[in-house]
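Residue-level structural notes
Below are the chains, spelled out letter by letter.
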Amino acid sequence: MSRRRVVITGLGPVTAHGVGIDPLWVALCEGRSALAPIRAFNASGFIAASGAELPDTFDVKDLVPKSYRKATKVMARDIEIAVGGALAAVRDAGLATRGTDPDSSPTIRPDRVGCHIGAGLIAAELDELTGALASSRNATGSFDPGQWGQQGMQELTPLWLLKYLPNMLACHVTIIHDCQGPSNTITCNEASSGLSLAESQRVIERGAADACLSGGADSKMNPMAYLRQELAGRFARCAPSDDATSIVKPFDATASGTLIGEGGGILVVEAEETAKARGARIHAVLAGTGASQSWCDDTVGLVPDSSGESLADAMHAALRDAGLTPADIDAIIPFGSGVPSLDALERNALERVFGADLAKKPLIMLAPSIGTTCAGFGAIAVAVACRALNEQKLPARLNTTSAAELHALAAPSTAQTLRHILIATPSLGGQNSAAVVSRHAEL
Amino acid sequence: MTTTKNNRRVVVTGMGWVTPLGHDVDSVWKRLLNSESGMGPTTRFDARTFPTNFSAEVRNYSIQNFVKDAAVHATAGLNSQFALGAASQAWRQSGLDGFAGLNKKRVGLYLGAGEGVIDFDNYAASNIAGWNAEERKIDGVRWADHAHRAMDRMREVEQEPNMPLAHLAREFGIRGPALNCLTACAASTQAIGEAFSLIQRGDTDVMLSGGTHTMIHVLGVTGFNRLTALSTSKGDPTKASRPFDATRDGFVMGEGSGMIVIESLEHALARGATPLAEVAGYGSSADAFRITDIHPEGRGGAASMHMALAQAGIDPNARRADGRAAIDYISAHGTGTKENDSIETRGVKRVFGASAKDIPMSSIKSMMGHLIAAAGAVEFMTCVLAIRDGMLPPTINYGTPDPDLDLDYVPNKTRAAKVDICLSNSFGFGGQNDTLVVKRYIA
């Protein structure tokens, strides 16, 4: 059965290097890292005091239509990232939407545009909530639910809950850009945005939409969310005075953990026929996707499946879906966190798929530059893959100095023939996602 | 253009639920047909002073009665515990339990599960300990110092929305694609629809799908009370949920899980399984309207119904050979809020035109409460049971007709009917609309 081919026409990553693919790509090629002491809160009480935050110039009010500025008051940071990414992607795709051109008719009929956005577990802003909690203390200073029910909760804005529901990323994006097609919110931790892109692919294939705004966003720059990452064993030790830019060393023999970056990205994915019909610039083809679930001895996946078997299954499924074999892959974007247990899982999965050829497959690593971007990772990685395919160039690699059998050592950006790039992500919880992104001319 | 019709048929082969009315399919179904209510005073926390101090809680439940080895689920949150009980019933009924020929890499999971319950006491205590009252903000160092001592690693991890996936994967050894979506009150309808699509696409043969959720906790009830979405009726809690009644004043929070096993017809028949019903159509849309309001014409709900019916090959305005309307029953979203019930009624009329009044439509939320992310799954299951037994569950507490709501809401009493085709609607905060069409399985 022939199926609709799905292409990528708009890139909207939002990372510590800024909004859009250009600042990210330039920084990756120059080998710059945005990891630095955290500014959002005093993080010196945590194992890792540094991370990668969006630049101070990022202001969501600049990234929404004027008529929508009021709604930014009920946006958690994760939502702001998705909203910023969506605008960048829509502009990059050359689409007119209600959000970009309210007075002209949209390029694509609104009911033919879907939206799939991966999200993390969003933590409430502590200043806002605690202000209310603190007013409901009893004589001994502890929280008193009786006072809270009667009075304290009234201090929260009526829409308080809606700031933190994971589906509010897609809610705001669909309202701003008038996407009336299928919309979903995938919440599978680090695999979320990869799985969202795969869902957009399926929705377009089955004809339920012609284009989707797709990706994910996550910010852990909140003490509660940040603590959860620490408790999950993700962090490398990094004191406020340490040089954070040299700490994340994916696949290095001495890797000791990661640092977190906030970010994500929205892409415009589109049926090839409609993209061509409107004369769109096609960045790349979303050639295939795959997914799987790992067996976790500890059930929850804090101790990941070191065999890498299921992550390899997801990679194989993506290759099969794309009609390709491992030999066709020219570069790989692994999750590449520098967390030793995850590095081992990924290495074993890659060895299962590529065997002895693995040493010849260049790995592109993002975490040393933008931190580990959690639910936002897959979308950022696919955006980077698109640019690498178009530039026929590998970005620079940082920090890793010993990684036997892997093409992963620190190196400057170099020219490289790139036809197909594999992206794969394991997750806390055991869900795996993989995708193959191909140069449009190759298929 | 509508969703393409796909020839791979998908059937339901197992069902299970854990609800405020009980923990097995037939006894709960009997109670629904007896017009019983699961509501009572909230006991999960001290809600006495809250605007809403009642809910529909799951009572006397233990996973010990369901799982093979409770030790591997020792840290499971309440949502995962509900999911394990419901899924075990479904798995057993499907006959997959102990079926040696099962390729677990061709079995997937797609859930619509909400976040786990926050560790509220320790969370509140850490926030208060970290509160700098003068600056009205959290002191990150003091907060971290308290939280490091107070918070538990597993309780935090188990709040991740993908943890029910992890527990179910562990219990049943599932290794295929695994996804969780969190589209508020529409989540598990959407999950079943997307699970159906994965089988149709050929990515899997079997899917365990459904939803699980509890928001009966301090912040959950706070959030919905602030949104004024919950009933604040005084007096008998069993009378509080009054969908479609003129005096309706909001929904009543329920909790629990509904899980189903669906599989390709050929897979089911090849192993000698008994199809309980056939999944015939799925539609999904976004309102893209406002953060809290539904489009006044029910545009999004109508779109998802149209899409699901089109996939099922059903013309909503045509009558069948025996004179019946196009379908026999609608399981309404029917929350009992002013807005939802009016707009859902309008949407149904928009889709079914003159036939709308001939199609019975009821809301089991009047008895079970609103299971939020799990609501769609239990409502889908009631459709399958309605087909099996030729019985329609009622909308209870219907006393005062609303002049604008003039459909057949199956008021107060169960009704016998010839039931072959049902439609189940779910609409979520944030604007997602999802519809499933399920029909009697005919070889």
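Residues numbered from 1 in each chain as written. Chains lettered and ligands numbered in written order. Predicted model: local features only at pLDDT ≥ 70, side-chain atom pairs only at ≥ 80, totals over all residues. Heavy atoms only, no water.

1. Examining the overall build of chain A
Counting its regular elements, chain A contains 12 helices and 14 strands. Against the globule reference of 22 Å for 443 residues, chain A gives a C-alpha radius of gyration of 21 Å, in line with a compact fold. Sequence separation of at least 24 residues holds for 77% of the intrachain contacts in chain A that already meet a minimum separation of 6. Between the centroid of the 37 positive side chains of chain A and the centroid of its 46 negative side chains there is a distance of 4 Å. (Helix = DSSP H or I, 4+ residues; strand = E, 2+ residues; numbered from the N terminus. Rg over C-alpha atoms; globule rule 2.2 N^0.38 Å. Contact = heavy atoms within 4.5 Å. Lys, Arg positive; Asp, Glu negative; His and termini not counted. Charge placed at Lys NZ, Arg CZ, Asp CG, Glu CD.)

2. Concerning the layout of surface pockets
If you add up the space inside the largest pocket, you get close to 680 Å³. Around the largest pocket, the lining comprises 32 residues; the ones closest to its centre are Ala40, Phe41, Glu125, Met221 and Asn222 of chain A. Among the elements of the structure, helix H2 (77–92), helix H3 (126–134) and helix H7 (223–231) of chain A together with strand E6 (137–138) of chain B are those that each provide at least two residues to the lining of the largest pocket. Ranked by the residues each element gives to the lining of the largest pocket, the list is headed by H2 of chain A, at three residues. Tallied by class, residues from the lining of the largest pocket come to 15 nonpolar, five polar and 12 charged. (1 Å grid on protein atoms, 1.4 Å probe; cavity = no way out; pocket = protein on both sides within 12 Å on 5 of 7 lines; lining within 4 Å. Points joined across faces, edges and corners; volume = space filled by probe spheres on them. Nonpolar A, V, L, I, M, F, W, Y, C, P; charged D, E, K, R; others polar.)

3. Comments concerning the sheet that holds strand E1 (residues 10–18) of chain B
Residues and elements named next belong to chain B. Overall, mixed pairing links the 10 strands, which are arranged E7-E4-E8-E9-E1-E10-E16-E15-E11-E12 in an open sheet. Lying at the two open borders of the sheet, with one neighbouring strand each, are strand E7 (178–180) and strand E12 (361–362). In this fold helix H6 (residues 163–172) packs onto strand E4 (107–113), E7, strand E8 (206–214) and strand E9 (255–264), with an angle of close to 150° to the strand it touches most, E4. Running at roughly 135° to strand E15 (residues 421–428), helix H11 (residues 338–352) makes contact with strand E11 (329–331), E12 and E15 of the sheet. (Pairing = 2+ DSSP bridges. Axes fitted to C-alpha atoms, helices over the stretch in contact; angles between N-to-C directions.)

4. Here's the deal with the interface of chain A and chain B
Taken together, the contacts link 91 residues of chain A with 88 residues of chain B. Each partner contributes to the roughly 7600 Å² buried at the junction of chain A and chain B, and carbon and sulfur atoms together form 61% of this total. It is Arg206, Trp295 and Thr299 of chain A in chain A that bury the most area against chain B; as a group they hold 9% of the surface buried on that side. Taken together, the links from chain A to chain B amount to seven salt bridges. Across the pair Arg201 of chain B and Glu205 of chain A runs a salt bridge whose closest N-O atoms are separated by 2.7 Å. Split into classes, the residues belonging to the side of chain A that touches chain B amount to 42 nonpolar, 32 polar and 17 charged. (Buried area = accessible area lost by both parts, 1.4 Å probe. Salt bridge = Lys/Arg side-chain N within 4 Å of Asp/Glu carboxyl O.)

5. What to know about the state of the cysteines
Counting across every chain of the model gives zero disulfides over all chains. With no disulfide of its own, Cys212 of chain A lies 7.9 Å from the sulfur of Cys115 of chain A, the closest cysteine sulfur. (Disulfide = S-S within 2.5 Å.)

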